[in-house]
Structures are given as structure tokens and as C-alpha cells.
Amino acid sequence: MRKIKNFKVNLRIKEISRVVKKLNNISEVSVEFEEIVKHGCRAYSKFLRPSAVYDTFSKDYSVLFKENTTLSKFVACSVFFVTVGDNLEEEYKLDANAFGEYTSTIVFAVAMDALEQSKNFIQRLISNEAKDESCEISSREEINKNMYGKFSKMVPVEKINVDIVSGEFRPKYSACGLFYWMPSKKKQKNQLKKSYI
């Protein structure tokens, strides 16, 4: 099991601005709007506390892996949970109008971008670990909401202060997923060559 706390995420302001624009049904973007989003991103980035916990298990460890994939050749599975913490939510509650009518959508977009960046960071770590074992990983797969509890028993989410209540994450800006490990194509080719020698 690996736990990583308070790693850095670089918010993608253009992406956040695009999401805020869409959520607010804005067709024309003004300079004022762009400035509000930029200031919101800078302000709220201080309250992000990204943390993650993950572990990798052999294929035979859990029937849950087989239930959640169509991949037949996987040899292991990495399960992860990430969160941006609850400081962002708490800050929003203190002043739900800090950035006027756009405050709630800025908070949402910042949280979702930070979560996506956190997932990508974990994916890079797991991918590197898989390479060390001559494996490659599948694309990220979501875990069904009704399975959160079962997977949280395999990976200790409490280590990053995440709880699951009635199928919902607390803090709410949290996520989970998994990656399947498959033998790399290079390794498979080498094994084929050896079998013909």
C-alpha cells in the first residue's frame, strides 16, 4: 500500500474557465469573466490538499477484479482512492459569494480539475511500477458506486481521511478507480522467441 499526501497539482486555468463558462451558459467571454476565474483559481488552489492511497493485488486476490473487467489477460490490478480534501468545501461555505455568481461553479471546476490531475499523477506512478515488472496498464476504469465499500476494504481510505457514507464520498471531492496490469507486448514477443529457440 502506498500513501501520498499533499502533492502538487497545477490547475489548468483555461480548462477551468471553459467548464465555468459552460456551467453558467455564457456564450461571449469578457475580460472581466476571465479575471474572476483566474483570481478564483489562485485563491482556491491554496485550499487543495490532494492525497492518494493505492495498492496492487494479484489477479487471484479478488473476484471483484474479474467482475469489473472484460480483459482476460490481466495479471494484477491496482486500486486507488484520491481526494482534494475538505478545506476547499469549508472555504466555500465561509463565503459562498466570494466571486459573485460564479463562485460555486469555480469551486466545482477547480475541485474537478484537481481531482483529474490527481488521478493522472497516480496513473503515472502505477504505470512506472508496472513497467518495472515488464507490464503495461489498462486505461483507467471507474469503480461502480455500489462497489465503493467493497474496494475500500482492500485499500485503507481512512489513511487519507476519506469515508464512504451511503455510497457517497466524504469529502465529496474524492474519487476512486483501478488499472489492470497486462504483460507488456515486448515481454510476450521475447517469450515467443524463446519458445522457438
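Cut-offs applied
- Residues numbered from 1 in each chain as written.
- Predicted model: local features only at pLDDT ≥ 70, side-chain atom pairs only at ≥ 80, totals over all residues.
- Heavy atoms only, no water.
- Helix = DSSP H or I, 4+ residues; strand = E, 2+ residues; numbered from the N terminus.
- Buried < 20%, exposed > 50% of the residue type's maximum accessible area, 1.4 Å probe, protein only.
- Contact = heavy atoms within 4.5 Å.
- Areas by Shrake-Rupley, 256 points an atom, 1.4 Å probe, with all protein chains shown as cover.
- Lys, Arg positive; Asp, Glu negative; His and termini not counted.
- Charge placed at Lys NZ, Arg CZ, Asp CG, Glu CD.
- pLDDT = per-residue confidence, 0-100.
- Patch = residues over 30% accessible without salt bridge, like charges linked within 9 Å, V, L, I, M, F, W, Y side chains within 5 Å.
- Salt bridge = Lys/Arg side-chain N within 4 Å of Asp/Glu carboxyl O.
- Phe/Tyr/Trp six-rings, centres within 6.5 Å; stacked < 30°, edge-to-face > 60°.
- Lys NZ or Arg CZ within 6 Å of the ring centre and 35° of its normal.
- Expected span 1.5 Å × (residues − 1).
- Pairing = 2+ DSSP bridges.

Asks: I'm lost on the overall build of the chain in this one. Help?
Replies: Across its full length, the chain carries seven helices and eight strands. Across the 197 residues of the chain, 43% fall into the buried class. Taking as baseline every contact in the chain between residues at least 6 positions apart, the subset at least 24 positions apart corresponds to 79%. When the accessible area of the chain is evaluated, it comes to approximately 11,400 Å², of which 48% is carbon and sulfur surface. For the chain, the distance from the average site of its 33 positive side-chain charges to the average site of its 25 negative ones is 8 Å.

Asks: When you look at the confidence of the model for the chain in this model, what are you seeing that I'm missing?
Replies: Put simply, the chain has an average pLDDT of 90, and 92% of its residues get 70 or more. This model gives residues 187–197 a pLDDT under 50, and the stretch forms two contacts once residues within four places in sequence are excluded.

Asks: Can you walk me through a nonpolar patch on the surface in this structure?
Replies: A grouping of Leu-23, Phe-108 and Met-112 is seen on the molecular surface, where their side chains present a nonpolar patch of about 250 Å² in accessible area. Within the secondary structure layout, Phe-108 lies in helix H5 (residues 103–132).

Asks: Can you walk me through the packing of aromatic side chains in this structure?
Replies: Geometrically, a pair of aromatic rings is defined through the distance of the ring centres and the angle of the planes. Tallying each qualifying case throughout the model produces eight aromatic pairs. With a centroid separation of 5.2 Å and an interplanar angle of 85 degrees, the aromatic rings of Phe-33 and Tyr-102 are classed as edge-to-face. In this pair, Phe-33 is assigned in helix H2 (residues 31–45) and Tyr-102 in the loop between helix H4 (87–94) and H5, connecting sequence segments 69 residues apart. Relative accessible area serves as the criterion here: at 15%, Tyr-102 is assigned to the buried category. Their ring planes at 70 degrees and their centres at 5.6 Å tell us that Tyr-44 and Phe-99 sit as a pair that is edge-to-face. Highlighted residues: Tyr-44 in helix H2 and Phe-99 in the loop between H4 and H5, separated in sequence by 55 residues. Residue classification places Tyr-44 among the buried positions, given a relative accessible area of 3%. Taken together, the ring pairs connect Phe-81, Tyr-148 and Phe-169 into an aromatic cluster. The cationic tip of Lys-59 hangs over the ring face of Phe-74; the distance from NZ or CZ to the ring centre is 4.9 Å.

Asks: Please clarify how H5 should be interpreted in this entry.
Replies: For an α-helix the count is 3.6 residues per turn, leaving residues at separations of three or four pointing the same way. Here H5 spans 44 Å end to end across 30 residues, near enough to the 44 Å set by a 1.5 Å rise per residue. Looking one or two residues beyond H5, the residue adopting positive phi is Ser-134, at roughly 55 degrees.

Asks: Please clarify how the pairing of strand E2 (residues 51–58) should be interpreted in this entry.
Replies: In summary, the side chains of a regular strand alternate between the two faces of the sheet. Within E2, six of the eight residues are buried, which leaves it mostly tucked inside the rest of the structure. Across four bridges, the pairing between strand E1 (residues 2–5) and E2 is antiparallel. When the sheet's bridge partners are listed, Ile-4 is paired in E2 with Ala-52. Here E2 runs beside strand E3 (residues 76–83); their pairing, made up of eight bridges, is antiparallel. Looking at the pairing, Ser-51 lines up with Thr-83 of E3.

Asks: Would you mind going over the pattern of salt bridges with me for this structure?
Replies: For side chains bearing opposite charge, pairing can occur when the charged atoms are close. Counted under the stated rule, the structure contains seven salt bridges. One salt bridge connects Asp-113 with Arg-12, and the closest N-O pair in it is separated by 2.6 Å. Note that Asp-113 is positioned in helix H5 and Arg-12 in the loop between E1 and helix H1 (13–23), a separation of 101 residues in sequence. Arg-12 sits in the partly exposed class, given a relative accessible area of 37%. Where Lys-38 meets Glu-35, a salt bridge forms, and the shortest distance between an N and an O atom there is 3.9 Å. Here Lys-38 and its partner Glu-35 are both found in helix H2, three residues apart, which amounts to about one turn of the helix. Residue Glu-35 is classed as partly exposed on the basis of its relative accessible area of 33%.

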